[in-house]
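Descriptive analysis of the structure
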Amino acid sequence: MPRRGWLNDPNGLCLYKGERHIFFQSAPEYPAAGPKGWGHYTTTDFKNYIFRGMALAPDNPLDRDGVYSGSAIERGGTLYLFYTGNVKQAGDFDYINSGRLATVFSVTTDDGVHFSEKRIILTNADYPEYYSCHVRDPKVWEEDGRYFMVLGGRTRDSRGALLIYSSPDLESWSFYKDCIFVDFGYMLECPDIFTLGGKKVYSFCPQGVEAEGENFRNLFSSGYCVQKIGRQTYHEWDKGYDFYAPQTYADGNRRILVGWAGIADAALPYTYDKTLPDGWIHCLTTFRELKECGGRIYSFPIAEILSLAKGYERTAKSALKTFFAKVKPLPGTKITLGGCFVIEAAERNLKFYFISGGCGRAERTLSIQPRELFIFFDDTIAEIFINGGEEVFTARVFGGSGIEAEGVEDCEVSAVGEFSYEEAYCDR
Ligand code: FRU
């Protein structure tokens, strides 16, 4: 959760010199207007967190309307951050094919907290001429001694696309290739390409895809393809109402994913502003370790998060504010979280709905045989991992606390141990 103001995408996730850096899209003055920068948390152990203030502020003429999303990569002990500088020009523009500048910047650091001058890497003139002004969210990785950068884009004829640039040294970049989809909406955001279990994974967020059965139910979708990229192999990362713009990073041998427990664009049928009286809005999901299995990716909370459990007790009812629960559902099982969000199990599906506080979020069904549920509930968020992470369902829950389980075979609940949180600002 942000210390104050608005939060969206996770950015620049990395393990660098023993510390995990968790940057995020941040507008600390929200609801007052103001461009976004990169907020910054660090942790060494996922239990003790330090908030380090605004790492990258929108203080350059080419990022004055937002230091938008991007990523981090280490080379020779130096950490490079790449992001998109957003500029919305004043004038009579459509802001699709004109009126917007998207510049890729990089900054470097040798300690993770003091950053170099901003350096321009790519401007709109470097994107092929058939692209609109919407090209952003650089994710950089290394492969066979070369560096690659993937960006999400929208073509002038409104097709979603991935653009890839390559570099020998992270300094000079050239266009490598692109991939334009005929059937994936009008724009792709926040792409990520990585290797998992020896297989290539393509993760991205298509905008403008019509709902189709249980898929694409959110305003914007986020999902992945294993090995072969295309609509046929696409699978959503999370089936919940509140999930978007995930990013992954390598943490030793693990591939860890963090998502934004929210959804882009304010044109929503419901509001998330229930936490605003407390001065903040939106949060990130927990850290999820990814495992590839037959073309599908399982995600489950990392061991450090699981180890925060203080001890499981068999109980069908608990008033805890923050807890983990392990549930073995039966057909007819009904679990209520926070007094308002319900999960109902049948033999071949799960149903999710709100009794109150749904703010327009309608009932959803997920076709899966539910063998076990692992629930992480933290005051305003529920993350439900189904069958060891075969599917995940994330929902912000603005109700009360606690869990009530009816008709279960087994339900075990544990309090979540203490997190520590401090603030340490440095003169950047
Ligand atoms: C996704 C996104 C990104 C952009 C950022 C701006 O939620 O729209 O494409 O970089 O948010 O905050």
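Here the structure is a predicted model, which means the values were calculated and not measured.

Below, the discussion takes up the pattern of salt bridges. All told, the structure shown has 25 salt bridges when counted by the stated rule. Arg254 serves as the salt-bridge partner of Asp251, at 3.4 Å between the closest nitrogen and oxygen. With a relative accessible area of 4%, Asp251 lands in the buried category. A residue is classified by how much of its surface remains accessible, and Arg254, at 18% relative accessible area, is buried. For Arg296, the salt bridge goes to Glu391, with nearest N and O atoms at 3.2 Å. You can see Arg296 sitting in strand E21 (residues 296-301) and its partner Glu391 sitting in strand E31 (residues 391-396), a full 95 residues away along the chain. Connected through salt bridges with shared partners, the residues Arg20, Asp251, Arg254 and Glu304 form a single ionic network.

Successive residues of a regular strand alternate their side chains across the two faces of the sheet. Burial of strand E18 (residues 254-260) is extensive: seven of the seven residues sit out of reach of the surface. What you see with E18 is no split at all: Arg254, Ile256, Val258 and Trp260 on one side and Arg255, Leu257 and Gly259 on the other are buried throughout. The hairpin turn running from strand E17 (residues 244-251) into E18, its antiparallel successor, is two residues long, and Gly252 in that turn takes a positive phi close to 65°. Pairing between E18 and strand E20 (residues 288-293): two bridges, direction antiparallel.

Neighbouring residues of the ligand: Asn8, Asp9, Gln25, Lys36, Tyr68, Ser69, Arg136, Asp137, Glu189, Cys190, Tyr244 and Trp260. The separation between an oxygen atom of the ligand and a polar side-chain atom of Asn8 is 3.0 Å. Protein burial of the ligand: of its 320 Å² of free accessible surface, 94% is covered by the chains. For the shell around the ligand, the secondary-structure elements that each account for two or more residues are strand E1 (5-16), strand E5 (67-75), strand E9 (131-143) and strand E13 (187-196). Per-class residue counts for the shell around the ligand are four nonpolar, three polar and five charged.

Taking strand neighbours across the sheet as the criterion, the four strands line up as E9-E10-E11-E12 in an open arrangement whose pairing is antiparallel. Strands at the two margins of the open sheet, each flanked by one partner only, are E9 and strand E12 (174-180). Within this sheet the neighbouring strands show an average axis-to-axis angle of 25°, counted without direction. In terms of strand pairing, strand E11 (residues 160-167) meets E12 through six bridges, oriented antiparallel. For Leu163, the partnering residue across the bridge sits in E12 and is Asp178.

Calculation notes
Residues numbered from 1 in each chain as written. Predicted model: local features only at pLDDT ≥ 70, side-chain atom pairs only at ≥ 80, totals over all residues. Heavy atoms only, no water. Salt bridge = Lys/Arg side-chain N within 4 Å of Asp/Glu carboxyl O. Buried < 20%, exposed > 50% of the residue type's maximum accessible area, 1.4 Å probe, protein only. Helix = DSSP H or I, 4+ residues; strand = E, 2+ residues; numbered from the N terminus. Pairing = 2+ DSSP bridges. Near = heavy atom within 4 Å. Polar contact = N/O pair within 3.5 Å; in protein donor to acceptor, adjacent residues only side chain to side chain. Areas by Shrake-Rupley, 256 points an atom, 1.4 Å probe, with all protein chains shown as cover. Nonpolar A, V, L, I, M, F, W, Y, C, P; charged D, E, K, R; others polar. Axes fitted to C-alpha atoms, helices over the stretch in contact; angles between N-to-C directions.

In short, shape yes, function no, at least from these values alone.
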